[in-house]
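In case you want the letters, here they are:
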Amino acid sequence: MSFGQICSSTRQWPSQLLPTGKRLNIVCGIAGFIHSTSADPARLETQLNKLIHRGPDGNGLWSSHCGRVVFGHRRLSVIDLSNHSQQPMISPDGRYTIIFNGELYNFAALRHTLSSIGHSFQSTGDTEVLLAAFIHWGPACLEYLNGMFAFAIHDRGNAHTPASIFIARDRAGEKPLYFAPSASEFWFASELKALPHQSAIDLQALNHYLSLGYIPAGMCLFSGVQKLPPAHCAKLSLNTFKLDIWRYWSLPPNQSSGLEDGEALADEAAALIEDSVRLRLVADVPVGVMLSGGLDSSLVVGAAARVSANPVQTFTISLPGSHLDEAHHAQKVASHFGTRHHVLPLQETSLQLLDGLAPFIDEPIADSSILPAWMVFGLARQQVTVALGGDGGDELFGGYSDYTTSLADASRWGWVPSTIMAGAASAAAMLPAGVRGRNRLASLRHGPLQQMIWGRPYFDMTLRQRILHRDAVNALGEELGQAEQFLLQQFLQGSDPVDSMTRTHFNSILPDDFLVKVDRASMAHSLEVRAPFLDHRLIEFAFGRVPSSWKVQNGESRRLQRILARRWLPGDLDVKRKQGFSIPLNEWLRQAGEADLMSRMESLPTLFNLDEVRALVRGHMAGRANGGRLFALIMLAIALKNA
């Protein structure tokens, strides 16, 4: 292999794995290996092959002229299916090399701007545009990007500029990027499984996972590995091996007067949503929309129907015979807009469905909706390569029940002294996990408005002290409460209770749970999922311009979205319900039985008190609500087994 050249071309799945009559034009994964003296390309290729599900359409490897840097890429073929967009991509002068995972939705406008100032292009894709943008603006190019992305650029430098690696991640955190630094090596990749890492558990990351159900910000379950947080970038000097990380974007402060007219705000929101959807419908492969029948996904379908010249394809799942089956709401929306609607009925379902998803779990999330998401993404992948989803709408426009519940509780119980609330919460925390009302009372530890912090459905501080062995609890010491403090830091950034709650969700559970869920479950099927509500222009409008009173007021949530619903959606659609893709988790766990559930916990580390785990299982079998906690432990065990 010659340095400075693309070293490996297209590789294909075995033909028997290809859908009949289909070419796989799918999403990509990236990986890189930098060594202080010499980087062996074979080491990276071994790791890159673990990302084949993210892009089996092609496999590219590149080594720098100095032999210290190797980049790898699993092929993205969503825009410009030709070899002109093959990666790693090298600039015409040979100085810069890029690998890129994601989509730039405004690449056509950027291409026009860059062409007008002298840049020429060989491809019709967005990778070459991104590379040209970095060459022209440097790290400041991030300000111009509208998209979801994780990318790395090698700059071999010149007489005045030392060689370096630049990495960046999109504002909301739609695309993941893990990295593992050491004194002599620096690895990065789209998924944890593509990094060589030790199996030692980071105790604080585990503590956060047990509390939150996900591992936030820059932390990772395994020692020595980190995640680049959303809206962050970093530069690695190849001379000193020093890594500098900085945030390039933040949510704007809310500048509303509180007197804004709702109809006028709805006009602005409608225009932004329509334009965001229009941009995200651009692809050289079939595109559809995930439709749960809830307000967010229904508005996305409505916008798509308004801006698309062709019938929209929609996808949902149904649970025949279950009280959770609300597929008829999705059907109502699909019929209203005349979409080509696809429904996957889940018959005789059980926890065994998790076995199919398990190989794709490398860092755990406790969100059980990953299962229905994985199944509906599989349905969509039979028809389309790209799908739009409704993620982000709740955070932007005040959709979670936490908001109305907290405000109502503050109105009812605001007169209760904080010492009494704290005492009642402490007493409730001593009850067995899953006892009805336990979480509700425990959440009031610091008053009604902060119950989203202290009332997590997984393991609060008292339960973590039970489920973990004493040595682990002692090692955590005063840092046991760091997970709750992480949420509190986000909460305190808000200007009022609703602003605080929405910012907390946007900066925590959205990027580190919901978007991870979408990325892993969709990539398992090589499906790209795009989120129109996470267009940064819409985010900045919602947090900077929309007053909280037009999000939640007098027990009504999503007030601005409801105006759009009256304009766009069927008049008899129940827009007050909160609906996503969900499963009867508690029932499935009880059907599995104690022996099956305990067998799924076998990979849990010795840090855990298995007697307490068994008590959780038996409590659930007896009717307590421990489904979320048990699923969290099962997902952790899967991640550890896969490590």
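Please read all numbers here as calculations on a predicted model, not as lab measurements.

1. Quick notes on helix 17 (residues 482–491)
Thought 1: Counting buried positions along helix 17 yields 7 of 10 residues, so the element is predominantly enclosed.
Thought 2: The complete set of buried residues in helix 17 reads A483, E484, F486, L487, L488, Q490 and F491.
Thought 3: In this fold, the buried residues of helix 17 make contact with helix 4 (203–212), helix 14 (451–454), helix 15 (461–467) and helix 18 (497–506).

2. Brief notes about the packing of aromatic side chains
Thought 1: Taken as a whole, this structure holds 15 aromatic pairs when the rule is applied.
Thought 2: Their ring planes at 15 degrees and their centres at 4.1 Å tell us that F33 and W187 sit as a pair that is stacked. Note that F33 is positioned in strand 1 (residues 29–35) and W187 in strand 9 (residues 185–189), a separation of 154 residues in sequence.
Thought 3: For F33, a relative accessible area of 0% corresponds to the buried category.
Thought 4: Among the aromatic residues, those joined into a cluster by ring pairs are Y96, F134, F149, F151, F166 and W246.
Thought 5: Just above the ring of F543 sits the side chain of K551; from NZ or CZ to the centre is 4.7 Å.

3. Here we look at the nonpolar core
Thought 1: If you look at the biggest cluster of nonpolar residues, it comprises 180 residues, and the most contacted ones within it are F151, F506 and L633.
Thought 2: When residues of this core are assigned to their parent elements, the largest contribution, 11 residues, is made by helix 24 (residues 627–642).
Thought 3: Once residues lying within four places of it in the same chain are set aside, the contact partners of F151 are I30, I99, F100, L130, L142, L145, F166, I167 and A168.
Thought 4: Of all hydrophobic cores here, the second largest spans 20 residues; its members include I30, I34, A150 and F186.

4. Considering the pairing of strand 7 (residues 164–169)
Thought 1: With 6 of 6 residues buried, strand 7 is to be regarded as a mostly interior element.
Thought 2: What you see with strand 7 is no split at all: S164, F166 and A168 on one side and I165, I167 and R169 on the other are buried throughout.
Thought 3: Of the pairings in the sheet, the one linking strand 6 (residues 147–155) to strand 7 comprises 6 bridges and is antiparallel in character. In the strand pairing of strand 7, A150 is matched with R169.
Thought 4: Sheet topology places strand 7 next to strand 11 (residues 232–237); 5 bridges connect them, and they run antiparallel.

What counts and how
Residues numbered from 1 in each chain as written. Predicted model: local features only at pLDDT ≥ 70, side-chain atom pairs only at ≥ 80, totals over all residues. Heavy atoms only, no water. Buried < 20%, exposed > 50% of the residue type's maximum accessible area, 1.4 Å probe, protein only. Helix = DSSP H or I, 4+ residues; strand = E, 2+ residues; numbered from the N terminus. Contact = heavy atoms within 4.5 Å. Phe/Tyr/Trp six-rings, centres within 6.5 Å; stacked < 30°, edge-to-face > 60°. Lys NZ or Arg CZ within 6 Å of the ring centre and 35° of its normal. Core = buried A, V, L, I, M, F, W, Y, C linked by side-chain atoms within 4.5 Å. Pairing = 2+ DSSP bridges.

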